[in-house]
2 protein chains.
Amino acid sequence: MDNALSFNLQCPIPIRDYPIVTLAHGGGGSLMGGLIEKMILPAFQNPLLAERHDGAVFDSHGRKMAFTTDSYVVRPLVFPGGDIGTMAINGTVNDLAMCGAKPLYLSVGFILEEGLSMETLWKIICSMSIAAGKAGVQIVTGDTKVVDKGKGDGLYINTAGVGALATERTISPAAVCPGDVILLSGDVGRHGVAIMAVREGLTFETTIQSDCAPLHETVLELLQAGIEVHCLRDLTRGGLASALVEIANTSRKEIRIDEKSVAVEDQVQGACELLGLDPLYVANEGRFAAFVAPQDADRALNILRKAPGGEKAARIGHVSEIPQPHVLMTSCIGALRVIDLLSGEQLPRIC
Amino acid sequence: MDNALSFNLQCPIPIRDYPIVTLAHGGGGSLMGGLIEKMILPAFQNPLLAERHDGAVFDSHGRKMAFTTDSYVVRPLVFPGGDIGTMAINGTVNDLAMCGAKPLYLSVGFILEEGLSMETLWKIICSMSIAAGKAGVQIVTGDTKVVDKGKGDGLYINTAGVGALATERTISPAAVCPGDVILLSGDVGRHGVAIMAVREGLTFETTIQSDCAPLHETVLELLQAGIEVHCLRDLTRGGLASALVEIANTSRKEIRIDEKSVAVEDQVQGACELLGLDPLYVANEGRFAAFVAPQDADRALNILRKAPGGEKAARIGHVSEIPQPHVLMTSCIGALRVIDLLSGEQLPRIC
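Definitions and cut-offs
- Residues numbered from 1 in each chain as written.
- Chains lettered and ligands numbered in written order.
- Predicted model: local features only at pLDDT ≥ 70, side-chain atom pairs only at ≥ 80, totals over all residues.
- Heavy atoms only, no water.
- Helix = DSSP H or I, 4+ residues; strand = E, 2+ residues; numbered from the N terminus.
- Rg over C-alpha atoms; globule rule 2.2 N^0.38 Å.
- Buried < 20%, exposed > 50% of the residue type's maximum accessible area, 1.4 Å probe, protein only.
- Contact = heavy atoms within 4.5 Å.
- Areas by Shrake-Rupley, 256 points an atom, 1.4 Å probe, with all protein chains shown as cover.
- Lys, Arg positive; Asp, Glu negative; His and termini not counted.
- Charge placed at Lys NZ, Arg CZ, Asp CG, Glu CD.
- Least-squares fit on C-alpha atoms with pLDDT ≥ 70 in both.
- Pairing = 2+ DSSP bridges.
- Domains from an automatic or database assignment.
- Buried area = accessible area lost by both parts, 1.4 Å probe.
- Salt bridge = Lys/Arg side-chain N within 4 Å of Asp/Glu carboxyl O.
- Nonpolar A, V, L, I, M, F, W, Y, C, P; charged D, E, K, R; others polar.
- Polar contact = N/O pair within 3.5 Å; in protein donor to acceptor, adjacent residues only side chain to side chain.
- Axes fitted to C-alpha atoms, helices over the stretch in contact; angles between N-to-C directions.
- pLDDT = per-residue confidence, 0-100.
- Disulfide = S-S within 2.5 Å.
- Phe/Tyr/Trp six-rings, centres within 6.5 Å; stacked < 30°, edge-to-face > 60°.
- Lys NZ or Arg CZ within 6 Å of the ring centre and 35° of its normal.
- Parallel < 35°, antiparallel > 145°, perpendicular 65-115°, else oblique.
- Left-handed = near helix turned anticlockwise from the far one by under 90°.

Asks: For this particular structure, what's the right way to read the overall build of chain A?
Replies: Helix and strand counts for chain A stand at 10 helices and 14 strands. Radius of gyration (C-alpha) of chain A: 20 Å, near the 20 Å computed for a compact globule of 351 residues. The principal-axis extents of the C-alpha atoms in chain A amount to approximately 60 × 55 × 45 Å. Residues classed as buried in chain A amount to 62% of the 351 residues present. Excluding contacts between residues fewer than 6 apart, the proportion of contacts in chain A whose partners are at least 24 apart in sequence is 84%. As displayed, chain A offers around 12,600 Å² of accessible surface, 50% of which is attributable to carbon and sulfur atoms. Across chain A, the centroid of the 29 positively charged side chains sits 1 Å from that of the 40 negatively charged ones.

Asks: I keep staring at the relation of the copies chain B and chain A and nothing clicks. Help me out?
Replies: The two chain copies are related to each other by a rotation about an axis together with a translation along it. Here chain B sits on chain A after a turn of 180 degrees about the axis and a move of 0.0 Å along it, with an RMSD of 0.0 Å. Considering both components of the superposition, the chain copies are consistent with a two-fold axis. Of all interface residues in chain B, 100% are interface residues in chain A too; the two copies therefore contact each other through one and the same surface.

Asks: I tried to follow the pairing of strand β2 (residues 63–72) of chain A on my own but got confused; where do I start?
Replies: Regular strands place side chains that alternate from one sheet face to the opposite one. All names here are of chain A. The buried fraction of β2 is high, at 9 of 10 residues. In sequence, strand β1 (residues 56–60) turns back onto β2 through a hairpin of 2 residues, with H61 there showing a positive phi of about 50 degrees. In terms of strand pairing, β2 meets strand β7 (residues 155–165) through 8 bridges, oriented antiparallel. Along β7, the bridge assignment pairs T68 with G161.

Asks: What exactly am I supposed to notice about the domain arrangement of chain A here?
Replies: Residues and elements named next belong to chain A. Assigned domains within chain A: domain 1 (55–165) and domain 2 (173–339). Summing both sides of the interface, domain 1 and domain 2 together bury roughly 1,800 Å²; the carbon and sulfur share of this comes to 65%. When the buried area of domain 1 at its contact with domain 2 is split by residue, P80, N94 and M98 rank highest and sum to 34% of it. Counting across the domain 1 and domain 2 interface gives 0 salt bridges. Only α4 (84–97) and β5 (101–113) provide two or more residues apiece to the side of domain 1 that touches domain 2. Of the residues forming the side of domain 1 that touches domain 2, the biggest block, 8 residues, is contributed by α4. Of the residues that constitute the side of domain 1 that touches domain 2, the class distribution is 11 nonpolar, 6 polar and 3 charged.

Asks: Explain the interface of chain B and chain A here, please?
Replies: It is common to report an interface's size as the accessible area lost on association of the parts. Contact residues are listed per partner, giving 95 residues for chain B and 95 residues for chain A. Summing the contributions of chain B and of chain A, the shared interface buries around 7,900 Å²; its carbon and sulfur component is 70%. Across the contact surface, chain B and chain A share 8 salt bridges. Residue B:R237 is joined to A:D143 by a salt bridge in which the shortest nitrogen-to-oxygen separation is 2.9 Å. Summed over the shared surface of chain B and chain A, the number is 28 residue pairs in polar contact (both at pLDDT 80 or more). It is helix α5 (residues 118–135) of chain B that contributes the most residues to the side of chain B that touches chain A, 11 residues altogether.

Asks: Quick question: what am I supposed to make of the side chain of A:E285 here?
Replies: Among the structural elements, A:E285 can be located in the loop between α9 (266–275) and β11 (288–292). As a buried residue without a salt bridge, A:E285 has its nearest oppositely charged side chain in B:K145, at a separation of 7.8 Å. The residues touching A:E285, leaving out its near neighbours within four places in the chain, are A:M87, A:G91, A:N94, A:H191, A:S210, A:D211, A:C212, A:A213, A:T236 and A:C351.

Asks: For this particular structure, what's the right way to read the sheet that holds strand β11 (residues 288–292) of chain B?
Replies: Hydrogen bonds between backbone atoms are what pair the strands of a sheet, whose relative direction is either parallel or antiparallel. Residues and elements named next belong to chain B. Taken together, 7 strands build an open sheet; the order of strands is β9-β11-β8-β12-β10-β13-β14 and the sheet is mixed. Edge positions in the open sheet fall to β9 (229–234) and β14 (336–339), since each of these has one partner strand only. Averaged over all pairs of adjacent strands, the angle between strand axes in this sheet comes to 25 degrees, irrespective of strand direction. Examined bridge by bridge, strand β10 (residues 255–258) and strand β13 (residues 327–330) share 4 bridges and lie parallel to one another. The residue of β13 that forms the bridge with I257 is M329.

Asks: Is there a simple way to explain the confidence of the model for chain A in this structure?
Replies: Regions with low pLDDT should not have their predicted coordinates read in detail. Predicted confidence across chain A gives a mean pLDDT of 93, with 97% of residues reaching 70 or more. Per the prediction output, this complex has pTM 0.95; the corresponding ipTM is 0.95.

Asks: Mind showing me how you'd approach the state of the cysteines here?
Replies: When the sulfur atoms of two cysteines share a covalent bond, that bond is a disulfide. Residue and element names in this part refer to chain B. By the definition in use, this model includes 0 disulfides over all chains. The thiol sulfur of C99 is not disulfide-bonded, and the nearest other cysteine sulfur, from C231, lies at 9.7 Å. You can see C177 has no disulfide; the closest cysteine sulfur is in C231, sitting 11 Å from it.

Asks: When you look at the packing of aromatic side chains in this model, what are you seeing that I'm missing?
Replies: Pairs of aromatic rings are described using the distance from one ring centre to the other and the angle between the two planes. One pass over the full model with this rule turns up 3 aromatic pairs over all chains. Ring centres of A:F67 and B:F67 lie 6.3 Å apart, and the angle between their planes is 85 degrees; this geometry places the pair in the edge-to-face category. One end of the pair, A:F67, is in strand β2; the other, B:F67, is in strand β2 (residues 63–72), on a second chain. Relative accessible area serves as the criterion here: at 0%, B:F67 is assigned to the buried category. For A:K145, the ring lying beneath its charged end belongs to B:Y72, and the centroid distance is 5.8 Å.

Asks: It is not clear to me how the side chain of B:T92 should be interpreted in this structure. Could you clarify?
Replies: All names here are of chain B. Assignment of secondary structure puts T92 in helix α4 (residues 84–97). Look at T92 and you get buried, because its relative accessible area is 0%. Here Y72 takes part through its side chain, which lies 3.1 Å from a polar atom of the side chain of T92. The contact partners of T92, leaving out residues within four places of it in the chain, are T68, D70, Y72, M87, L106, T159, A160 and G161.

Asks: Would you mind going over the packing of helix α6 (residues 190–200) of chain A against α9(A) with me for this structure?
Replies: Two packed helices can be described by the angle between their axes and the distance between those axes. All names here are of chain A. For the pair α6 and α9, interaxial distance at closest approach is 10 Å and the crossing angle is 55 degrees. As the angle between them shows, α6 and α9 are arranged oblique. Between α6 and α9 the crossing geometry is left-handed. Judged by residue contacts, R190, V193, M196 and E200 of α6 engage V268, A271, C272 and L275 from α9. Class assignment for the residues of the contact of α6 with α9 results in 6 nonpolar, no polar and 2 charged.

Asks: Mind showing me how you'd approach the pattern of salt bridges here?
Replies: Side-chain pairing between opposite charges can occur once the charged atoms of the two side chains come close. Here the structure, examined in full by the defined rule, presents 32 salt bridges over all chains. One salt bridge connects A:D258 with A:K260, and the closest N-O pair in it is separated by 3.4 Å. Notably, a salt bridge pairs B:R349 with B:D153, separated by 2.9 Å at the nearest N-O pair. Taken together, the positions of B:R349 in the segment after β14 and B:D153 in the loop between β6 (138–147) and β7 (155–165) put the pair 196 residues apart, joining distant regions of the chain.

Structure (structure tokens):
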């Protein structure tokens, strides 16, 4: 493996511009993109990683398997609609689903901070067990580390997952085609707003709940119905906008969407205005975008609308013929606007 | 999955005895054992997890795959003989090797602390790339999170790994048989002492280097030579002693070892005496114990001795006919001593 030794040992991010890691480097925006593109991809280069998808797909004796990982550092640990444990299961289940895979096995790595209440730990372990049961996955291997007080924040959880591909088709940004219809599986912004409301001590008429949920059953339904799915992406850090920009960049295609087709619940919209957030960039934990062949769009939308949380699923845009890697949005007032990555994340430690 | 909802929601560890998580809960000793046995295994129960091995083995279309994870929280980040990046690759490669698997694909999850120097991050990414190249594994998927300053310690790394089993035989504590010969792949204690020397500012005539190294090639050689291997275990947190106690407990067998057959380098022994450590409990990152059928022990030992770092490999004991789950050691002065788990770890955050 020559690549291991042949890359330049000088740090590829100019030290005078970015001498240290900042919170924005973890926000799913352009700074994080730079870190991944300039440092991580060149150092670890291989074709599977270069796909830049939610997980890697590899071949095992003719059976395609998906493999993915995520660490969870959300603050607070418990929030309306879930906790870090629910997220750690559903998040990794969803990354496998976005590869078109049926999730099978999960690993769990706990990093506990000295002083964490044993009852909190137990509550979160129970949430993970319940979430794993609901998603039909088994937690088969794990690791527990404890760090000194003041060197963590209660607990961090990493999960990795392995799944079996449920389709022969390649589902990835590279498979996006001109003409693809972009479907959104529900309304956006709930997770980020639920977390921010707790952090800022905001109260609303009814509590805004995170949308945290497993998505694999809906994805498997799309595949079983023979929908020609080209790309799937769950809309976590950086929200819908960042996900679309990443797909446009990786696929080198122009994406056009229509703002008024993107459902945002009234209370979520109100909270976003109060907090100065753009709901398009707010993280979700139970929503995804699907790029499907135009002839299958109506059937796919019907499936999405029948899924839990999918009442507001909608056709939000398409991939154009123009080979320009950018996202254009027709705003509610009819203006055409370029959607770009934020430099960081509006909401640090949202997942 | 009924188990998800049927376990008792009351915390199984008595809150009045252990209201909070302590550093010792992550030390690989009896407190950590309690956490795993009372909380994690019952909540996540399934047959693969119940094996309590370094990784889980699952069947994929007739091909057996191994899956494992570890988080790395070692302090300091860089030490003689390696850094957290080298460890994060080799540690997971070794856990796969201990299942009898050829390591193939790794995931990487970074948890970076705001303020980490970009150059340090780059150095560690380079170490990972080099270590992955040497071990012949590909890093195919990953995740990066950033936490606020004061909520981490520079960086933590989780890696998970997938490998393909290189044998039809089940290699696990459950496969241990009376009469098995226990081989040790080299001298012990280097990694823990190297770390402690840096932390305590100790200097020796020559610098004690961590033994951090990938072990899969040696394991694959044993398997290719047709050695009847029953169990393998790398001797990380808790060292040789804890690994043997865990295997005795899981296999419900008596293990007998001979202290004078366990090689400890003079400088390591001296440092242990100075620091009040027992080298049998000190972590290693490039040593393992192999339980092999008696008729194959000599051939296996020859293979171990020819491997890098294996000059001091030795036959250190055997599994007796007595179905008692404990470890007995004939000490250097001839006394018989019961080896038990420490409550925590002599050296917190050693890996």
